[in-house]
Amino acid sequence: MTDVDVQRFETIVYERPADKVARIVLNRAHARNAQSIRLLYELNDAFNVAAQDDSVSVIILAADGPHFSAGHDLRDEEGPEYFAAHDRVGTWCGFGCAGAQSQMAVEKEVYLGFSERWRNLPKPTIAAVQGKVIAGGLMLVWPCDIVVAAEDAQFQDNTVAMGVAGAEFFNHPFEVGVRKAKEMLFTADSLSAVEARQLGMVNHVVEREALADFTLGLASRIAEMPLFALRLAKESVNVAQDNQGRATAMQTSFAYHQLCHSHNQQVHGMLIDPSFLRATFGDKVSRDVTARVTTSQVSAAGAQS
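Each value, and the rule that gives it
Residues numbered from 1 in each chain as written. Predicted model: local features only at pLDDT ≥ 70, side-chain atom pairs only at ≥ 80, totals over all residues. Heavy atoms only, no water. Salt bridge = Lys/Arg side-chain N within 4 Å of Asp/Glu carboxyl O. Helix = DSSP H or I, 4+ residues; strand = E, 2+ residues; numbered from the N terminus. Patch = residues over 30% accessible without salt bridge, like charges linked within 9 Å, V, L, I, M, F, W, Y side chains within 5 Å. Areas by Shrake-Rupley, 256 points an atom, 1.4 Å probe, with all protein chains shown as cover. Lys, Arg positive; Asp, Glu negative; His and termini not counted. Charge placed at Lys NZ, Arg CZ, Asp CG, Glu CD. Pairing = 2+ DSSP bridges. Axes fitted to C-alpha atoms, helices over the stretch in contact; angles between N-to-C directions. Contact = heavy atoms within 4.5 Å. Phe/Tyr/Trp six-rings, centres within 6.5 Å; stacked < 30°, edge-to-face > 60°. Buried < 20%, exposed > 50% of the residue type's maximum accessible area, 1.4 Å probe, protein only. Expected span 1.5 Å × (residues − 1).

K.L.:
So what's going on with the pattern of salt bridges? Which residues, and what values?
P.N.:
Enumeration according to the criterion identifies 13 salt bridges in this entry. Across the pair D53 and R16 runs a salt bridge whose closest N-O atoms are separated by 3.4 Å. Residue D53 is found in the loop between α1 (37-52) and β3 (58-63), and its partner R16 is found in strand β1 (residues 12-18); the two are separated by 37 residues along the sequence. Close ionic contact of R88 with E109 constitutes a salt bridge, the shortest N to O distance being 3.9 Å. Taken together, the residues span a long stretch of sequence, with R88 in the loop between α2 (79-85) and α3 (100-119) and E109 in helix α3 at a distance of 21 residues. Because the salt bridges share partners, they merge into one network encompassing E116, R119, D242 and R246.

Right, dumping it as structure tokens:
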């Protein structure tokens, strides 16, 4: 087990609710669990703890409050300082360089890099989802192996409205199919929990009050399986999906994502289309957010909504 002190987490809670099961809970309900840089690094640390603990066989990812996650937090005031102080997880560098390099390096680390890493954790993971799951929120859900959704869950990628060609972890065609992925991106419409299940993105839809108990029961059943066999079964399915072209498509879409940031920087002087900020936050708030997105090395392509 790692030497990470789970009691010191500020934005998540690490629990052991049952034998062989760990549960990681997003704990920024006041911000609709929007993803600050601190939250993402703490979440990665918590995944490390669970992955390296031989007494854990299954990991649940859940969230406190009415919404699972409103995406990347554009109002993250501590982001640059926390990012600069934290040890890198990936191998990319150039976070302080000029031009497009710094933004690409940052997003390789905390967005695409983390999501890919979590997808390939050597233990089964289950997302327990309620309320809104917006843009960057999908990048927490989609890396998980199984998704259990409350009846009120809504899944949305509104990044095209921001002037960006999809979230950094671009798994849309593999989650909902090609045509629905296009509609989802082109319109920014939400998918209901029932529709997501029909498309194969969600395994189970349950009443909101039953979400925690149902997910824990499922996790406990899986945890009784031999762990080494679980690891290899998971890796086999992931490799099969990658051989269908997922990994290559992910690299292409991430490159387009960075091109959109660069284009917006040249045209608007910021990483996303400012009309989205005005529509989302209103003129007064959007001025503050605009300044942060323009100047921050850790600004995001999604927004708390």
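K.L.:
Please provide a residue-by-residue account of a negative patch on the surface, values included.
P.N.:
Together, E151, D152, E207 and E209 line one region of the surface with negative charge. Of note, D152 is situated in the loop between β6 (146-150) and β7 (154-156).

K.L.:
Outline the sheet that holds strand β5 (residues 132-134), listing residues and values.
P.N.:
Here 3 strands make up an open sheet; going across it, the order is β5-β7-β8 and the pairing mixed. The open sheet has two edge strands, β5 and β8 (191-192), and neither has a second partner. Of the pairings in the sheet, the one linking β5 to β7 comprises 3 bridges and is parallel in character. If you follow K132 over to β7, its bridge partner there is Q154.

K.L.:
For the sheet that holds β6, give the residues involved together with the corresponding values.
P.N.:
Strand order in the open sheet formed by 6 strands is β1-β2-β3-β4-β6-β9, with mixed pairing between adjacent strands. The two strands at the open ends of the sheet, each matched to only one other strand, are β1 and β9 (204-206). The average undirected angle you get between the axes of adjacent strands in this sheet is 20 degrees. In this fold helix α8 (residues 211-223) packs onto β1, β2 (21-26), β3, β4 (125-129), β6 and β9, with an angle of close to 160 degrees to the strand it touches most, β6.

K.L.:
Go over the packing of aromatic side chains, please, and point to the residues and values.
P.N.:
Counted by the stated rule, this structure contains 3 aromatic pairs. For the ring pair F47 and W118, a centre distance of 5.4 Å and an interplane angle of 45 degrees mean the geometry is tilted. Here the residue F47 occupies a position in helix α1, and W118 occupies one in helix α3, the gap between them amounting to 71 residues. W118 shares its class with F47; the two are buried. Linked through ring pairs, Y41, F47, F114 and W118 together constitute an aromatic cluster.

K.L.:
Break down helix α10 (residues 246-268) for me, citing the residues and quoting the values.
P.N.:
Each α-helix turn comprises 3.6 residues. Residues three or four places apart therefore point the same way. Between its first and last C-alpha, α10 extends 32 Å over 23 residues, near the 33 Å set by a 1.5 Å rise per residue. Taken residue by residue, α10 has R246, M250, S253, F254, H257, Q258, C260, H261 and N264 as its buried positions. Close packing links the buried residues of α10 with α3, α5 (172-176) and α9 (227-243). One or two positions beyond α10, positive phi appears at G269, with a value near 75 degrees.

K.L.:
Talk me through the environment of E116; I want residue IDs and the actual numbers.
P.N.:
Examined against the element boundaries, E116 turns out to sit in helix α3. For the pair E116 and F170, spaced 54 residues apart in sequence, the C-alpha to C-alpha distance is 11 Å. If sequence neighbours within four positions are ignored, E116 has contacts with F169, R246 and M250.

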